[in-house]
Amino acid sequence: MTHPSSDLPRNISRPLAAALVAAAGLLTASPVSSATPERAGSVAAGAEILAAPDIPIGNVKAHLAQLQSIATANGGNRAHGRTGYKASIDYVKGKLDAAGFTTTLQQFTSSGSTGYNLIADWPGGDPNQVLMAGAHLDSVSSGAGINDNGSGSAAVLETALAVSRAQLQPTKHLRFAWWGAEELGLVGSKYYVNSLSATDRARVSGYINLDMVGSPNPGYFVYDDDPAIEKVFKDWYTGIGVPTEIETEGDGRSDHASFKNVGIPVGGLFTGASRTKTAAQAAKWGGTSGQAFDRCYHSSCDTNTNINDVALDHNSDALAHAIWTLGTAEPLPPGESYESAADVAIPDNAAAVTSALAVSGRTGNAPAALRVGVDIKHTWRGDLVVDLLAPDGTAYRLKNSSSSDSEDNVITTYTVDASSETANGTWRLRVQDVASQDTGYIDRRDDLADPAAREALLDGLGVVAVEIGLVPPRH
Ligand code: DTR
Ligand code: CA
Ligand code: ZN
Ligand code: ZN
């Protein structure tokens, strides 16, 4: 559905009460709420980022040994609807209850059997900023599912236990989850997300997924979804001298998809499944080229001998780093605007692209005079169609294409009546190049922020790729 935007004045003076969001940004003309909106990677000036502890690989392996024993004692698997799955849930829940988490067992039915999600909340933190990490705990029926996905489950569990050992007091609220029936089609995580109200969904600042993170012939893949989460992982791996690749086969293939589908920023780690490691990958990661990353994927040999300890250790430590970094980041000083700083290439005469902004911590709806600052570098702006997408997907047309408008660039601010849209959620600027030749990219409105200082601050903290910094309006 597309709403025609109100008159689109070309040059808008900016009332002091308003602020402007650039590149793919939003402006709220409403008074600043008391809440401090921020997102997965926002960091205040000078914030101290606490260093995560090392996750003891021996502890992670001990969880895998328990899951193996459970499978052995329950028909050789831990699949949805089988006794081995419920025993796995009970094991993980027992550890978390003893560590001071508030646990919730969420039941659902799938394929005629009762399924269970386990949700563990670490008391404290901003309830409007919930940072989640999760893994599916079910296996396929053909085996114990130790790499798929005992590895992710154990890494998330031990990271949660490390939070308890540290008595961490994060700025965000931390929530950990173990999903049921992922192998049946992301059933448990979809059930969880669908059970959240729109308000509670908007409170989730990010979801990190671990599914297969100890493959015996490992690759080091980072999900290329939310840039801030991706950057935290890539910077951590750079710090230990391990190259990473973008996870390219994962879209829709694990529980992060349930969150991404409702606009929640996601990220994650992966060491590979049935695809074959290339010679180039073996050269940088070691292991065996021409062999699958996990030859026991969905097979009976996916036991606790089917794990590469170094890969599992790295991914456990990387998760802890992400939780500590994103979870303890101080909120940016209150302001009235949000900004996205990541450039987004616009393919010539091809599908639309989007630049996203996660707005949270606000109450009520967006204003009737929402200003959308746009900065698109392009050599023939008549090729471009530009829309603002509200969190619920409603499209507001900002600019139509025009075969006669051969001017360069679209650097302007539109006003949109967005009063029927909730302010919280992920807003997107959608741009499509609908004519061949001439290309461009969604840029950042440098005139709205002190890019050098903010980049230095945020890059220095190794946190931000997409900055939703509350940039006090320029006067
Ligand atoms: N579908 C997952 C395993 C899997 C296969 N490709 C990816 C990519 C990213 C995450 C997970 C996966 C499963 O079988 O559980
Ligand atoms: Ca470790
Ligand atoms: Zn699987
Ligand atoms: Zn899996």
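Residues numbered from 1 in each chain as written. Chains lettered and ligands numbered in written order. Predicted model: local features only at pLDDT ≥ 70, side-chain atom pairs only at ≥ 80, totals over all residues. Heavy atoms only, no water.

**Focus on the state of the cysteines**
Inclusion rule: Only a pair of cysteine sulfur atoms within 2.5 Å qualifies as a disulfide here. Residue burial is assigned from relative accessible area. The probe radius is 1.4 Å, only protein chains are included, and a residue is buried under 20% of its type maximum, exposed over 50%, and partly exposed in between.
Throughout the structure, instances matching the rule amount to 1 disulfide. Residue pairing for Cys296: its cysteine sulfur links by disulfide to Cys301, the two sulfurs lying 2.1 Å apart. Its torsion about the S-S bond being -115 degrees, the disulfide of Cys296 and Cys301 is classed as left-handed. The exposure class of Cys296 is buried, given its relative accessible area of 12%.

**Considering the environment of Ser142**
Short version of the rule: Per the convention used, a helix needs a DSSP run of H or I reaching at least four residues, while a strand needs a run of E reaching at least two, with both numbered from the N terminus. The contact criterion used throughout is that any non-hydrogen atoms of two residues lie within 4.5 Å. N or O atoms closer than or at 3.5 Å make up a polar contact, with two conditions inside protein: a donor-capable atom paired with an acceptor-capable one, and, for residues adjacent in sequence, both atoms drawn from side chains.
Structurally, Ser142 is set in the loop between strand 5 (126–136) and helix 3 (146–166). For the pair formed by Ser142 and Gly76, sequence separation is 66 residues and the distance between their alpha carbons is 7.6 Å. Excluding anything up to four places from it in sequence, Ser142 contacts His298, Ser299 and Ser300. A polar atom in the side chain of Ser142 sits 2.9 Å from the backbone oxygen of His298.

**Digging into helix 2 (residues 83–98)**
Threshold: What a helix should span is 1.5 Å times the count of its residues minus one. Think of it as the arc spanned by the lines of direction from the helix axis to the C-beta atoms.
Relative to the 22 Å expected for 16 residues at 1.5 Å per residue, helix 2 spans 23 Å between its end C-alpha atoms, a close match to the ideal helical length. Considered for burial, the residues of helix 2 that qualify are Gly84, Tyr85, Ser88, Ile89, Tyr91, Val92 and Leu96. Taken down its axis, helix 2 places every buried residue within 160 degrees of arc, on the same side. Away from its buried face, by an angle of more than 90 degrees, helix 2 presents the exposed residues Thr83 and Ala98. Summarising the contacts, the buried residues of helix 2 are in contact with helix 1 (57–73), strand 3 (102–110), strand 4 (113–122), helix 3 and strand 6 (172–179). Directly after helix 2, the chain includes Gly100, whose backbone phi takes a positive value near 95 degrees.

**Structural notes on the coordination of the calcium ion (ligand 2)**
Inclusion rule: Distances define the donors: N, O and S atoms within 2.8 Å of the metal qualify, as do those within 3.2 Å of Na, K or Ca. Water is excluded, so some sites may look unfinished.
For the calcium ion (ligand 2), every protein donor is listed as Asp54 (OD), Ile55 (O), Asp313 (OD), Asp317 (OD) and Asp317 (OD), and the spread of their distances is 2.1 to 2.5 Å. Here the donor residues of the calcium ion (ligand 2) are spaced in sequence according to D-I-x257-D-x3-D. Remark: Asp317 occurs in helix 9 (residues 309–327) and Ile55 occurs in the loop between strand 2 (26–27) and helix 1; sequence separation between them is 262 residues. By the burial criterion, Ile55 is buried, and Asp317 matches it.

**Quick notes on the pairing of strand 13 (residues 353–359)**
Cut-off, in case you're wondering: Pairing between strands is defined by DSSP: at least two bridges between them are needed.
Within strand 13, 5 of the 7 residues are buried, which leaves it mostly tucked inside the rest of the structure. Judged from the 7 bridges that link them, strand 13 and strand 18 (residues 425–433) form a sheet pairing that is antiparallel. Of the residues in strand 18, the one forming a bridge with Val359 is Gly425.

Scope: geometric values only; no functional claims are made or implied.
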